[in-house]
Each structure stands twice: as structure tokens, then as C-alpha cells.
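# Descriptive structure summary
The residues making up each chain are set out below.
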Amino acid sequence: MRVGVPFTLIMLCGLAWAGNMESCASRCHEKFDRDAACQCDRRCPHHGDCCEDYEHLCTAEEDPTEPDIHLELEEAPASYLYLAPNSCQGRCREAFDKHHPCHCNDRCQEFGNCCEDFESLCGDHEGFSYSSDTITKEELRSISEKIYKVDTNKARKEDIILNSQNRITPAETGDQVDHCPEPLFTYVNEQLFSKPTYAAFINLLNNYQRATGHGEHFSAQQLEEQAVFLREVMKTAVMKELYGFLHHQNRYSSEQEFVEDLKHMWFGLYSRGSEEGDSSGFEHVFSGEVKKGKVTGFHNWIRFYLQEKEGLVDYYSHIYDGPWDSYPDVLAMQFNWDGYYKEVGSAFIGSSPEFEFALYSLCFIARPGKTCQLSLGGYPLAIQTYTWDKTTYGNGRKYIATAYVVSSTQ
């Protein structure tokens, strides 16, 4: 005799399942579940669809001082980036909506996606506080355009042939699927690398152990290579333009003071792991690191090309390609670096070493730990920096934790 399952039992089981899908209990950092009432994956704060107990259950073990927990992801369609920005009129502290090109909630500054009138319309609301930046947005856009125009060492269109192949959606970035059977770089004119700043930059790339937790110990030759790089970039019109701007802003009284500060903020060592002095801003941003089984940093096209040429980098896909029709351009990509995955790594393509070094330094000095709004060739561009807050140098100055180009609205 067949015995049916009581209808009330079915309902109770269904309610229990639904209740569980409204909580992050046993679901922390699982993949996106379209059938769930709310999400517990690492990107749910960006999408605004976390379960109510996500922060309590899933972020307790995160290190709030580690900059790489701020995912370098583009969570809205890239086409939104260059639309005319919307206003915060009547939208202050509204809930996050991934379909909006800009935002007005109390975390938009953290993610660098506020509307342009956010500070003027929403800055007086209780709970918001801002530092008084003496360098205005207009001045940042002006100096970035000047740096862009004087960079004579950047690649020409014929110097680099890219094969970007397949573009994926932001939702697919965590899948670790190789959508591109061919390398990213079809051709690079390596005569570029004989230019003094390129050669000095490349000499620095093999001076680091990529795994955090292993202390860096520089030889006299490696320290001299750092000094040579700084000397060579300071000879360029790019860095002279940057220093002149910062000197006019009373940030530095002499070029010697400026160079000394660059040396500390970029090459000064601090500890991301168990070993003292295992990381620096330069290593993280330009050379790349591996921490907890993932690639962190690694935002430089020259490093990518050289590692791809050696068979150590496997290009998987991209989610964003910038609007520039000449170099430098911006690409946000996914790749495997000798066994470790980078979910989204944004990088300038075809830029000179001094160009990247100048823009990242400018933004770290002018907007440390914030989004820095610039302009390149008439197109808006943002750079995000984070400070290293655990240790300092000099009179309480902070090292660079990371810096990267924000390639789309988050």
C-alpha cells in the first residue's frame, strides 16, 4: 500500500528551505544562486543583494586593512561608464541599484561610483564626512591631460597588436574558464624596451618573491636598480610635469624631497603576511603577488607581456576594453599566472612606465585611499588607491598598498 507524504510536511520542508535561502548560515562565499532569495557571495555587497546576516556571518574573518578585499571588479555594464552622469537630487542615501550609472549611497565613495554632485548634495547629511582636499577635481583633470600629452615614450598603434578575443560578463569572472585559446599579445615591438625608462623598469621585475609571507632582501645591485629607475623617470617630461604641479601645490619644496618620498612610498617594505618586509607598493602594483592562493595586484602590461611570452601567463578573457583608439588604452581581464587566478585585473595597455608611475603617484598623493577622477584624451578615467595603514615611514606617512585604474562603474 502506497502511503502519501502529508501535505503539511511538504509545506514545512519548503518553508525550512526558503528560510535557509534567506540566511547566509552555511552559505558564506558560495557562488551566485539565482533561485535564492538573497545572496552570500563575495560580490553581493556590490550588487546590493546580500542576505541580512551576511556582514555578521561572512565578514568576521576578513582583514579590514587588506586592500584586496575591495574587489577590483566592474559590476555594471561597461557602457554605463561614459554616459552623462546622473544627479543625486532626491537620491541621497538611496539603496544600491546596479542599473544606475552612478550612486548616492553612503558607500559610493568607497567603491568610487558616486554621482558628480554627491558631495554638494549629500555631503551635509549626518553620517558623511570628508577630508578637505586642496587639489580640485578640475586641477586633477587638467594635470592628467598634460601628462597624457607629454608622454612621448608611449607605444604607437603599430607597436602593439592585441588579440582580446572573447568578452565575458561580470557574473562570469569567477568561473575560471579559459575563453581565449590565443595569447593576448599577438605582437609587441620590443625596441620599446630599449628606452631607458622601460629598461630600468624591466630590471626591477625579477627582484621580488611573488608569494607573500617571504621577506624581501635587496642586494646592493637591486637597490641601485631602484635608484636608476627613479633617476630615469625623473628625466622625462611626464615626471617633470607632475613634480611642477605638486611643487606649485606646495606638496614638495624640492625635486629631491619629491624623489625621496617616491622611493619610500613605492619601494618601502612592509608586511602583508607572516614575514616582516615581504611586500611593497611597487611589487604589488607592477610585478604582482600571490596571497591565499590568488593573484593580487599585477596591473602592468609590460609584466603581463613578458610573463605571457615565457608561458607563465594564460589569458582567459576580458570584461572591459576602454574607448581610446590609440595607446594607452585600458583593459580589464581575467588570467592564470602560473597556477593562480586573477578574477579581474585592470591595466593600462601601451603606456610608458613613467606614465603609470606618474598617474598612480598623483592619485595617491592627491586622493589617498579614495577614487581619483582624471581625464585622458578627453575621456574620463578614475584611479583607485589604498593606503597601507599598519606601518608608516617618515613623519607618519603611509605606503602605497595598491593602485589601479577603475575600468568601469562598480
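Residues numbered from 1 in each chain as written. Predicted model: local features only at pLDDT ≥ 70, side-chain atom pairs only at ≥ 80, totals over all residues. Heavy atoms only, no water.

### Quick word on the pairing of strand β7 (residues 340-349)
With 8 of 10 residues buried, β7 is to be regarded as a mostly interior element. Bridge count between strand β6 (residues 329-337) and β7: 8 bridges; the pairing is antiparallel. When the bridges of β7 are listed, Leu-331 appears paired with Ala-347. (Buried < 20%, exposed > 50% of the residue type's maximum accessible area, 1.4 Å probe, protein only. Helix = DSSP H or I, 4+ residues; strand = E, 2+ residues; numbered from the N terminus. Pairing = 2+ DSSP bridges.)

### Re the packing of aromatic side chains
All chains considered together, the criterion is met by 32 aromatic pairs. Both rings, one in Phe-193 and one in Trp-301, keep their centres 6.3 Å apart while their planes meet at 40°; by these two values the pair is tilted. With Phe-193 in the loop between β2 (185-188) and α7 (196-204) and Trp-301 in helix α12 (residues 301-309), this pair connects stretches of sequence that are 108 residues apart. Residue Phe-193 shares its accessibility class with Trp-301, and that shared class is buried. Among the aromatic residues, those joined into a cluster by ring pairs are Phe-201, Tyr-208, Phe-218, Phe-229, Trp-266, Phe-267, Phe-282, Phe-286, Phe-348, Phe-355, Phe-357 and Tyr-360. Above the ring of Tyr-148, the side-chain terminus of Lys-154 is found at 4.4 Å from the ring centroid. (Phe/Tyr/Trp six-rings, centres within 6.5 Å; stacked < 30°, edge-to-face > 60°. Lys NZ or Arg CZ within 6 Å of the ring centre and 35° of its normal.)

### Concerning the state of the cysteines
Taken as a whole, this structure holds 3 disulfides when the rule is applied. At a sulfur-sulfur separation of 2.0 Å, the disulfide partner of Cys-102 is Cys-115. On the sign convention where negative is left-handed, the bridge of Cys-102 and Cys-115, at about 80° about the S-S bond, is right-handed. Of this pair, Cys-102 sits in the loop between α3 (54-58) and α4 (108-111) while Cys-115 sits in the loop between α4 and α5 (118-122), and the two are 13 residues apart along the sequence. Overall, Cys-102 belongs to the buried group, its relative accessible area being 4%. (Disulfide = S-S within 2.5 Å.)

### Regarding the environment of Pro-181
Mapped onto the secondary structure, Pro-181 falls in the loop between β1 (160-162) and β2. On a C-alpha basis, the gap between Pro-181 and Gln-165 in space is 8.6 Å, while along the polypeptide they are 16 residues apart.

### Re the pattern of salt bridges
Taken as a whole, this structure holds 10 salt bridges when the rule is applied. Note that Arg-210 and Asp-338 form a salt bridge whose closest N and O atoms lie 3.5 Å from each other. One end of the pair, Arg-210, is in the loop between α7 and α8 (220-234); the other, Asp-338, is in the loop between β6 and β7, and 128 residues separate them in sequence. For Asp-261, the salt bridge goes to Arg-397, with nearest N and O atoms at 3.1 Å. On the criterion of sequence distance, the pair formed by Asp-261 in helix α10 (residues 255-267) and Arg-397 in strand β10 (residues 397-406) is long-range, its members being 136 residues apart. Note on Asp-261: relative accessible area 6%, which makes it buried. What emerges from the salt-bridge pattern is a single network uniting Arg-156, Glu-158 and Asp-159. (Salt bridge = Lys/Arg side-chain N within 4 Å of Asp/Glu carboxyl O.)

### A look at the side chain of Arg-367
Note that Arg-367 resides in the loop between α13 (353-366) and β8 (371-376). On the basis of relative accessible area, Arg-367 is assigned to the buried category, the value being 9%. Among the polar contacts made by the side chain of Arg-367, one reaches the main-chain carbonyl oxygen of Ile-135 at a distance of 2.7 Å. (Polar contact = N/O pair within 3.5 Å; in protein donor to acceptor, adjacent residues only side chain to side chain.)

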